[in-house]
Amino acid sequence: MAQQNMTLLRHVLTRKPSKLPTDDLALILERIEVIGKRISHELARASLRGELGFTGETNIQGEEEKKLDEWTNWVFLDTFERGDPVCSLISEEMEQAEHRAGTCRGSSYAVLFDPLDGSSNTDINGSLGTIFSIRKRAPNHAESIEDILRPGDEQVAAGYILYGPGTQLTFTAGAGVDIFTLDPMLDQFVLWRESVQMPRRGSTYSVNHGNITKFHPGVRKLIEHMTSRKDKSSSYSLRYTGAFVADFHRCLLEGGLFMYPGEISADGKSKGKLRLMYELEPMSFIAEQAGGRASNGKKRLLEVKPQALHDRQPVYIGSAEEVELAERSNVEG
Ligand code: AHM
Ligand code: MG
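All figures in this text were calculated on a predicted structure; none of them were measured in a lab.

Describing helix α4 (residues 217-227)
- Within α4 the residues assigned to the buried category are G218, V219, L222, I223 and M226. Along α4, the residues classed as buried sweep out an arc of 135° about the axis, all on the same side. More than 90 degrees from the buried face of α4, the exposed residues found are K221 and E224.
- The secondary structure elements touched by the buried residues of α4 are β11 (204-206), β13 (257-260), β17 (315-318) and α7 (320-328).

Next up, the structure:
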């Protein structure tokens, strides 16, 4: 079959087995695909439609909310309005889970998402993303979310959409990582790369250097180690876009390290910025499925048990060699 004919849905329905039944995966990804198209089309003309800038409100993370944060969150709720087999929606932008009445059965799922990742890029036409994680709900869970507050190893599928010069959707359901490009002529996500493998070693690192004085000395040692080599072929270049999705996508395709270390506050406690359940766990699942690694500096992120929906963790993710190097450098003490 010619590659332009291998649409996302056809690929899901005809591919190898995944961690959830194919029909369920297809139904959920079909909705995510609609969301990706709606957001992609809207971002392309957001500047002309008065959709840039802030709402004037603060979200539950204590961050100033962008108009596009609010709108993209609404797109998820709207598209999953009749979301069967999805019964619970959990978002970076909402304090509590939202449940779909009547659809919570033994065979239902939760979708956890960051509707617009990298929101500081909205007003400068920079790269943006959407991240999603899919979990199976326990039977008879009602509105309790205890069954979801479990390590990321229990995800059944995860992915992200990158809105760059082109729009790409990357996902895994536990049988490798595949990437689809939105073909604007067909208005379809078409298979671009199948069973992607992340290079074992890369030549770039991503970090917000402006925060360097707040990081543990181990992080400073790691950065010095990566950047002090005289030989250009073994030294690292800095790449940081302000959008986790875009920086991770570079690691996935070309190798390298993305980190958002814990920041040490006045009381000596270290705190990560990125959220565990809908930012770090899905990306960690993808990284591992592609042969890479994801750590909080001390242990695999997929083994960390969340205490609450909006927990945060430090992150070191990307090529196996660089993540191991970060752990050996005692980046989190
Ligand atoms: P967001 O989901 O509110 O946009 O926050 C997450 C973003 C990541 O995409 C990015 O890596 C990081 O926050 C950038 O933060 P900073 O501006 O502190 O470097
Ligand atoms: Mg984000």
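A closer look at the site of ligand 1
- Neighbouring residues of ligand 1: 18 residues in total, closest G118, N208, Y240, F244 and Y260.
- With respect to ligand 1, the side chain of N208 contributes an N or O atom lying 2.8 Å from an oxygen atom.
- One of the backbone N or O atoms of F244 is found 2.7 Å from an oxygen atom in ligand 1.
- Protein contact buries 85% of the 470 Å² of open area that ligand 1 shows by itself.

What to know about the coordination of the magnesium ion (ligand 2)
- The magnesium ion (ligand 2) binds to the protein through D114 (OD), D117 (OD) and E279 (OE), with metal-donor distances spanning 1.9 to 2.2 Å.
- Every donor residue of the magnesium ion (ligand 2) comes from the same chain, spaced as D-x2-D-x161-E. The residues D114 and D117 share a single accessibility class, namely buried.

Here's the deal with the domain arrangement of the protein
- Taken domain by domain, the protein consists of domain 1 (8-193) and domain 2 (204-328).
- Using C-alpha coordinates to define each centre, domain 1 is positioned 23 Å away from domain 2.
- Contacts between the two partners involve 50 residues from domain 1, matched on the other side by 33 residues from domain 2.
- Of all residues in domain 1, the largest losses of buried area upon contact with domain 2 belong to I131, L149 and Y160, amounting jointly to 20% of the total for that side.

Topic: the pairing of strand β9 (residues 177-183)
- Counted residue by residue, β9 has five buried out of seven residues, so it is predominantly covered.
- Judged from the five bridges that link them, strand β8 (residues 167-172) and β9 form a sheet pairing that is antiparallel. Following the sheet pairing, T170 is matched in β9 by I179.
- Linking two consecutive strands that pair antiparallel, namely β8 and β9, is a turn of four residues; a positive phi of about 90° is found at G174 within it.
- The pairing of β9 with strand β10 (residues 188-193) spans five bridges and is antiparallel. Across the sheet, residue T181 finds its bridge partner in β10, namely V190.
- Following β9, the chain reverses through four residues before pairing antiparallel with β10; D187 in that reversal takes a positive phi of roughly 50°.

Quick word on the pattern of salt bridges
- Tallied over the entire structure, the rule returns 22 salt bridges.
- Salt-bridge contacts for E42 lead to R49; the nearest nitrogen and oxygen are separated by 2.7 Å.
- Relative accessible area serves as the criterion here: at 6%, E42 is assigned to the buried category.
- Residues R293 and E327 are paired through a salt bridge, measuring 3.0 Å at the closest nitrogen-oxygen approach. Note that R293 is positioned in strand β16 (residues 293-295) and E327 in helix α7, a separation of 34 residues in sequence.
- Bridged by salt links that share partners, the residues R200, R201, R293, E321, E324 and E327 form one connected network.

What counts, and at which threshold
- Residues numbered from 1 in each chain as written.
- Chains lettered and ligands numbered in written order.
- Predicted model: local features only at pLDDT ≥ 70, side-chain atom pairs only at ≥ 80, totals over all residues.
- Heavy atoms only, no water.
- Buried < 20%, exposed > 50% of the residue type's maximum accessible area, 1.4 Å probe, protein only.
- Helix = DSSP H or I, 4+ residues; strand = E, 2+ residues; numbered from the N terminus.
- Arc of directions from axis to C-beta.
- Contact = heavy atoms within 4.5 Å.
- Near = heavy atom within 4 Å.
- Polar contact = N/O pair within 3.5 Å; in protein donor to acceptor, adjacent residues only side chain to side chain.
- Areas by Shrake-Rupley, 256 points an atom, 1.4 Å probe, with all protein chains shown as cover.
- Donors = N, O, S within 2.8 Å, 3.2 Å for Na, K, Ca; no water.
- Domains from an automatic or database assignment.
- Buried area = accessible area lost by both parts, 1.4 Å probe.
- Pairing = 2+ DSSP bridges.
- Salt bridge = Lys/Arg side-chain N within 4 Å of Asp/Glu carboxyl O.

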